[in-house]
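Residue-level structure breakdown
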Amino acid sequence: MENRPARHIIRFVFLVLLQVLILNNINFMGLINPYPYIWFILLLPIDLSKWKTLIYSFFIGLAIDIFEDTGGMHAAASLVVGFFRGTMLRFSFGISYDFQNLKFSKTPFLQRLSYIFISVLIHHFIFFMMEYFSFSHILLVLKDTLFHGIFTLVILGIFNLFLGNQKRG
Amino acid sequence: MQQLINFFIKNKNFILFLLLFATAFFLTVQSHSYQKSKFISSTNFVSGTLYSWTHDIDQYFSLEDRNDRLKQENGKLRDSLERFKSQSKKKVLIDSSNFDQPYTFRSAEIIANRYSHKDNYLLLNAGNSDSINTDQGVITDRGIVGIVESSSSNYSRVISILNSQSSISARLKNSNHFGSLTWNAKDPNVVQLIDIPRLAPIKKGDSIVTNGRSFIFPAGIPIGKIQDFKLDEGQSYYHIDVKLFNDMTDIGFVYVIENKNREELEEIDREDGK
């Protein structure tokens, strides 16, 4: 994985703009929008210290919140993803993460899918918990997590293809 | 002491996480409570400018549709003007200074429209410097949209009727029974009217209008028509689904209503309540 900061800054700006200018206006089947900006958190350098990961995750969420008028909902959701990132990396990639020689674009498909899938699930669940803000709406939260999550996964799948091409080229 | 410091160093990530999460949680709680000054809001310079750029491009795609609506509205206004003229000829006008009506309508454009959340807000391209302030009503030619919640100098944020915290007072057009409008976050074109007593004569297709009790909207602004209704658990109030006249997913230009007498009215209302 590239550690040059410029690449991450560009990715940050690109994902925020993509989210607020295009994806927030999709409203597929009435209400469904994808939130693929967590791609930024997933692709942060593996050896980045934990407190930096937390701060970067918080700020990309907050940036989305400012545009969407959602208070701190995205910030909370992406912060949780940032917090569990290490655990998820170890769970999905196992030993190659422990030895710090993980090349994200060269990992097996299934491992990568599990990493992305779990992150999206956590992010969307926290986000919709924050949005509905009551346990009595838990069914709506789960339903939204599922539908929005599928949409986000599709978009992340497309990003994933680009990542592969970038490395080959 | 040493142990305490060690504890902090050992758990610094977790403490940072809790700190940031508390911040996010605080902002979320704040966004769930109605009408408070908010730190995180899209009326700021950066997002306002960005949204108005995209709006500048976006609006070209709907020009024809908007012109049609403006033409229709012009026709309607001309119609009522003629009717008013023919009426006023018969009357003797004594004091012309009393004809100043209390409502001022200012036009503005929606530059960010949202309807997919549980609590939705819209962003207008006009703010304090265009005399748009908190607690002014927002309508289109078809019906109501929401109430201005906060405004910066050039942008203002509107709490949409599609917001679980919004509660606008409304009444039936053909009787004076009133209730309040809420939204159950399901369909962006259907809102719920509650607290209408069961004595009220209602049937499907009846119109719902504003009732002017809140001093924000003038009375009689159209809202929607009754799509479905049922009695609530207590069997004493109706729970009515109202199909909005507005398509909330497609709002371009709006009118912001200022009620010049609002402070006076509120003062009198308060004295009355004591």
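A short tour of the structure in this document, coming up. Just so we're clear, the structure is a prediction, and the values are computed from it rather than from any experiment.

Procedures and definitions
Residues numbered from 1 in each chain as written. Chains lettered and ligands numbered in written order. Predicted model: local features only at pLDDT ≥ 70, side-chain atom pairs only at ≥ 80, totals over all residues. Heavy atoms only, no water. Buried < 20%, exposed > 50% of the residue type's maximum accessible area, 1.4 Å probe, protein only. Helix = DSSP H or I, 4+ residues; strand = E, 2+ residues; numbered from the N terminus. Contact = heavy atoms within 4.5 Å. Phe/Tyr/Trp six-rings, centres within 6.5 Å; stacked < 30°, edge-to-face > 60°. Lys NZ or Arg CZ within 6 Å of the ring centre and 35° of its normal. Pairing = 2+ DSSP bridges. Axes fitted to C-alpha atoms, helices over the stretch in contact; angles between N-to-C directions.

1. Things to note about helix α4 (residues 73-83) of chain A
Most of α4(A) sits out of view: 11 of its 11 residues are buried. Restricting attention to buried positions, one finds in α4(A) the residues Met73(A), His74(A), Ala75(A), Ala76(A), Ala77(A), Ser78(A), Leu79(A), Val80(A), Val81(A), Gly82(A) and Phe83(A). Turning to α4(A), the residues buried within the fold contact α2 (39-42), α3 (50-68), α5 (85-93) and α7 (109-132) of chain A together with α2 (12-32) of chain B.

2. Describing the packing of aromatic side chains
Within this structure, the stated rule accounts for 17 aromatic pairs over all chains. Both rings, one in Tyr35(A) and one in Phe127(A), keep their centres 5.3 Å apart while their planes meet at 55 degrees; by these two values the pair is tilted. Remark: Phe127(A) occurs in helix α7 and Tyr35(A) occurs in the loop between α1 (5-22) and α2; sequence separation between them is 92 residues. Across this residue pair, the class does not change: Tyr35(A) and Phe127(A) are buried. Here the aromatic rings of Phe83(A) and Phe14(B) are separated by 5.8 Å at their centres, their planes lie at 50 degrees, and the arrangement is tilted. Residue Phe83(A) is found in helix α4, and its partner Phe14(B) is found in helix α2; the two belong to separate chains. Three or more aromatic residues joined by ring pairs form one cluster here, namely Phe83(A), Phe84(A), Phe133(A), Phe14(B), Phe17(B), Phe21(B) and Phe25(B). A cation sits over an aromatic face here: Lys50(A) above Phe83(A), 4.3 Å from the ring centre.

3. Some thoughts on the sheet that holds strand β1 (residues 103-112) of chain B
Hydrogen bonds between backbone groups are what pair the strands of a sheet, and the pairing can be parallel or antiparallel. Residues and elements named next belong to chain B. The antiparallel closed barrel is built from six strands, whose spatial order is β1-β2-β5-β4-β3-β12. Across the sheet, the mean angle separating the axes of adjacent strands is 45 degrees when strand polarity is ignored. In this sheet, strand β12 (residues 253-259) lies alongside strand β3 (residues 137-139) in antiparallel orientation, the contact comprising three bridges. When the bridges of β12 are listed, Gly137 appears paired with Ile257. Here helix α3 (residues 45-58) sits on the sheet and contacts β1 and β2 (119-124); the angle it forms with β1, its principal contact strand, is near 85 degrees.

4. Observations concerning unusual backbone geometry
Outside of glycine, negative phi angles account for most residues, and trans bonds account for most peptide bonds. Residue and element names in this part refer to chain B. The backbone of Ser131 sits at a positive phi, close to 60 degrees, despite the residue not being glycine. Along the polypeptide, Ser131 turns up in the loop between β2 and β3. Look at Asp135: it is not a glycine, yet its phi comes out positive at around 65 degrees. Mapped onto the secondary structure, Asp135 falls in the loop between β2 and β3.

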